[in-house]
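Chains, contacts and geometry: an overview
Take a look at the letters that make up each chain.
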Amino acid sequence: MDLLWILYSMLTVCMAINMEATGSHSMFTCEPITLRMCQGLAYNTTFMPNLLNHYDQQTAALAMEPFHPMVNLECSTEIRPFLCALYAPVCTEYGRVTLPCRRLCQRAKSDCYKLMDMFGVSWPDEMECSRFPDCYESYPRAIDLLPSSDGTEESPSSVQRDYGFWCPRELKIEPDLGYSFMGVRDCSPPCPNMYFRKDELLFARYFIGVVSIVCLSATLFTFLTFLIDVGRFRYPERPIIFYAVCYMMVSLVFFMGFLLEDRVSCNAASPGRFRASTITQGSHNKACTLLFMTLYFFTMAGSVWWVILTITWFLAAVPKWGSEAIEKKALLFHAVAWGVPGALTITLMAMNKIEGDSMSGVCFVGLYDLMALRWFLLVPLALDVVVGVVLLLAGIAALNRVRMEIPLEKENQDKLVKFMIRIAVFSVLYLVPLLTVIGCYLYEQSHRSVWETTWVQERCREYHIPCPFKVEQTSRPDIALFLIKYLMMLVVGIPSVFWVGSKKTCFEWASFFNGHRRKDTVHESRQVLQEPDFTQLLLRDPNTPVVRKSRGTSTQGTSTHASSTHLAMLDEPPSASTSRAGSMRSKSSSFHGSLHRSRDGRYTACSYRGVEERLPHGSTLRLNDPLQHCGVNRLDSHSRHGSLQRLESQSRHSSVRDLTITAIQSSPGNGIHRVIEEDATKA
């Protein structure tokens, strides 16, 4: 019968108590009763938490205050023992929990019901009499006061129960804010960081601040280099610029966190309300929300832009897409690169998963919530790495196949090898920091529960909360792990400097500081006006096609038109290039010398000044007769136009021949060829 009674009592306790257990076990030793209402009873020791989930006697005393008038007026002789049986239960032998009898509850409630109604006090639901065992004994029963008789090795003055983590009073938050900590609602982690000492946090903050300044300077240099010469970085390498902009914003947020310290990431302490400084959670803090939105959005966007960079390299290397063809997909690239991070950011804000980081001073996600860490950090970053590496390897394999199968000149072979090495080095400089960050996240999420249990064991006495029971493993995180994580989160943007760093960049910056701007690219509308024979172009038949030399870019959007003409010019011997340039300059100068600009701004085919100088003084030739002048110089004019036509014909035939030879030698042109040409100039 005793065994059945114990089982029935335990089942009743499980039904009466609503606990939020986190899977850990707690051990509570007997402690003297300090509640003034419960002193002088048949027992003088109790245990905490009690049967109503009050984790210390101070909290139980506050909950008992509404019943003080009934106890002082002695509305019933049973009210005081019944209340103390719930708020300060007797500490019995190991493993036993004793509840008051149902008849004791019914007598106390019936005797004091009218007085409670007079004082406006209602009978709590957790004290409903139907929850207690049906018996007639007083409290405590005689068996509860007997010492242990089963010879157990455990201390007879201890009680073992599974309560889990209890939120200390100092860490409790208003219910409407939606805070959560270690599975307990309306609770927040302490600030500063619960794992490290103040000197470690100070060193970490300055370390993050210095690294953020270095990374901000590097990425800002990349972006400004792009602004100096926007046309220099086209697809497939244009995503590197957006990638650098993303990590420039990430570095800027960490630098702002360094300046703000913990004023945004932490809630201020309130000593009058017994509230300690806690970590900011949710979106109620506008400054913290803004830092989170900027940091998380650009972190995810940076990783997506790297994937898009591998996609553009793949399109240029495998299907042989040109720069213009890839650029036609730019709108789609931007929609994905900015849309996906934006959707993730809005989702986290809707789920109220924003958390302050007292170490860096910013607000991020996954710092204390393992679910958010897994699904909003680990999964997106790992997916970006897998997709990017697959596309990168496919592109490099395609370039290597081109190098092995297609016969190229030694100079072009060297250019292609250098370009492949450059892609590989850039990818390694990006992937190593990113994989390190992912490794730190994996290690952190696998050891987080052990770190939290260790923290509870060390601070449970200070916070007056249940201490963990039978802890199998204790561990504290190493500050070096977090420093490496922050370092790699920032330096992942530095590889962009490796891509833009070259002699050409130095020349551009020198020209910029000296006030010499690089000549802008000539558009189709301006190209006609810069031709030496523009007068003939204006008078030509509209159906006649215009043949011009390539400026190194293609105006077509197909994958087979690119800057192969420029690559052929680079492969040409210096003497040929010099002679061709000289012939063009001589043709242009000779033709312009035969033109004279009149007062109304138009050119005429006869040179009045030259005629006037050649005729003797007093000649009867009239200067206002242009036909006569043309007749005098008709032979000279015919010879000049004949020379000009021969030069133009030779130049056009030479251009067509160069285009044909280059198309045969270099295969269909694409964006990769233009980048290889950039490598040649940088070398």
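Residues numbered from 1 in each chain as written. Predicted model: local features only at pLDDT ≥ 70, side-chain atom pairs only at ≥ 80, totals over all residues. Heavy atoms only, no water.

The next point concerns the overall build of the chain. Helix and strand content of the chain: 23 helices and 13 strands. Accessible area of the chain: about 35100 Å², with a carbon and sulfur share of 60%. (Helix = DSSP H or I, 4+ residues; strand = E, 2+ residues; numbered from the N terminus. Areas by Shrake-Rupley, 256 points an atom, 1.4 Å probe, with all protein chains shown as cover.)

With that settled, the discussion passes to the pattern of salt bridges. Considering all chains together, one arrives at 15 salt bridges under this definition. Between Glu200 and Arg197 there is a salt bridge, with its nearest N and O atoms 3.4 Å apart. With a closest N to O distance of 2.9 Å, Arg234 and Glu324 form a salt bridge. Remark: Glu324 occurs in helix 9 (residues 323–327) and Arg234 occurs in the loop between helix 6 (198–228) and helix 7 (239–260); sequence separation between them is 90 residues. The burial state of Arg234 is the same as that of Glu324; both residues are buried. Connected via shared salt-bridge partners are Arg197, Asp199 and Glu200. (Salt bridge = Lys/Arg side-chain N within 4 Å of Asp/Glu carboxyl O. Buried < 20%, exposed > 50% of the residue type's maximum accessible area, 1.4 Å probe, protein only.)

With that out of the way, let us pick up the environment of Tyr441. Residue placement: Tyr441 occurs in helix 12 (residues 410–463). Spatially, the C-alpha atom of Tyr441 lies 9.7 Å from that of Leu367, the residues being 74 residues apart in sequence. Setting aside anything within four residues of it in sequence, one finds Tyr441 in contact with Phe364, Leu373, Leu377, Leu378, Leu381, Lys485 and Met489. (Contact = heavy atoms within 4.5 Å.)

Here we come to the state of the cysteines. Tallying each qualifying case throughout the model produces 7 disulfides. Sulfur-sulfur distance for the disulfide between Cys191 and Cys266 comes to 1.7 Å. Here the S-S torsion is close to 65°, and the disulfide linking Cys191 with Cys266 is therefore right-handed. You can see Cys191 sitting in the loop between strand 6 (184–185) and helix 6 and its partner Cys266 sitting in strand 7 (residues 266–267), a full 75 residues away along the chain. Looking at Cys191, the relative accessible area reads 9%, which means it is buried. Look at Cys266 and you get buried, because its relative accessible area is 7%. Each disulfide pairs two cysteine sulfurs, and for Cys288 the partner residue is Cys363, the sulfurs being separated by 1.8 Å. Residues Cys288 and Cys363 are joined through a disulfide that is left-handed, its torsion about the S-S bond being -120°. Of this pair, Cys288 sits in helix 8 (residues 286–317) while Cys363 sits in strand 10 (residues 363–364), and the two are 75 residues apart along the sequence. (Disulfide = S-S within 2.5 Å.)

Moving on to a nonpolar patch on the surface. Side chains of Met351, Met371, Trp375 and Val379 sit close together on the surface and give an oily, nonpolar patch of about 380 Å² of accessible area. Turning to its location among the elements, Trp375 is positioned in helix 11 (residues 370–405). (Patch = residues over 30% accessible without salt bridge, like charges linked within 9 Å, V, L, I, M, F, W, Y side chains within 5 Å.)

Counted according to the given criterion, the structure contains 35 aromatic pairs. For the pair Trp305 and Trp338, a centre-to-centre distance of 5.8 Å together with 70° between the ring planes defines the contact as edge-to-face. Taken together, the positions of Trp305 in helix 8 and Trp338 in helix 10 (residues 330–350) put the pair 33 residues apart, joining distant regions of the chain. Here Trp305 falls in the buried class, since its relative accessible area comes to 0%. Classification of Trp338 as partly exposed rests on a relative accessible area of 27%. (Phe/Tyr/Trp six-rings, centres within 6.5 Å; stacked < 30°, edge-to-face > 60°.)

Once that is clear, we can look at the nonpolar core. Judged by nonpolar contacts, the single largest core of 103 residues is most densely connected at Phe165, Phe254, Tyr296, Met359, Phe364, Tyr441 and Trp455. Breaking this core down by element, the ones donating at least two residues are helix 6, helix 7, helix 8, helix 10, strand 10, helix 11, helix 12 and helix 13 (479–491). Broken down by element, this core gets its largest block of residues, 19 residues, from helix 8. The contact partners of Phe254, leaving out residues within four places of it in the chain, are Ile208, Ser212, Leu295, Ser360, Val362, Tyr486, Met489 and Leu490. Formed by 36 residues, the second largest nonpolar core is a distinct cluster that contains Ile33, Leu51, Phe82 and Ala88. (Core = buried A, V, L, I, M, F, W, Y, C linked by side-chain atoms within 4.5 Å.)

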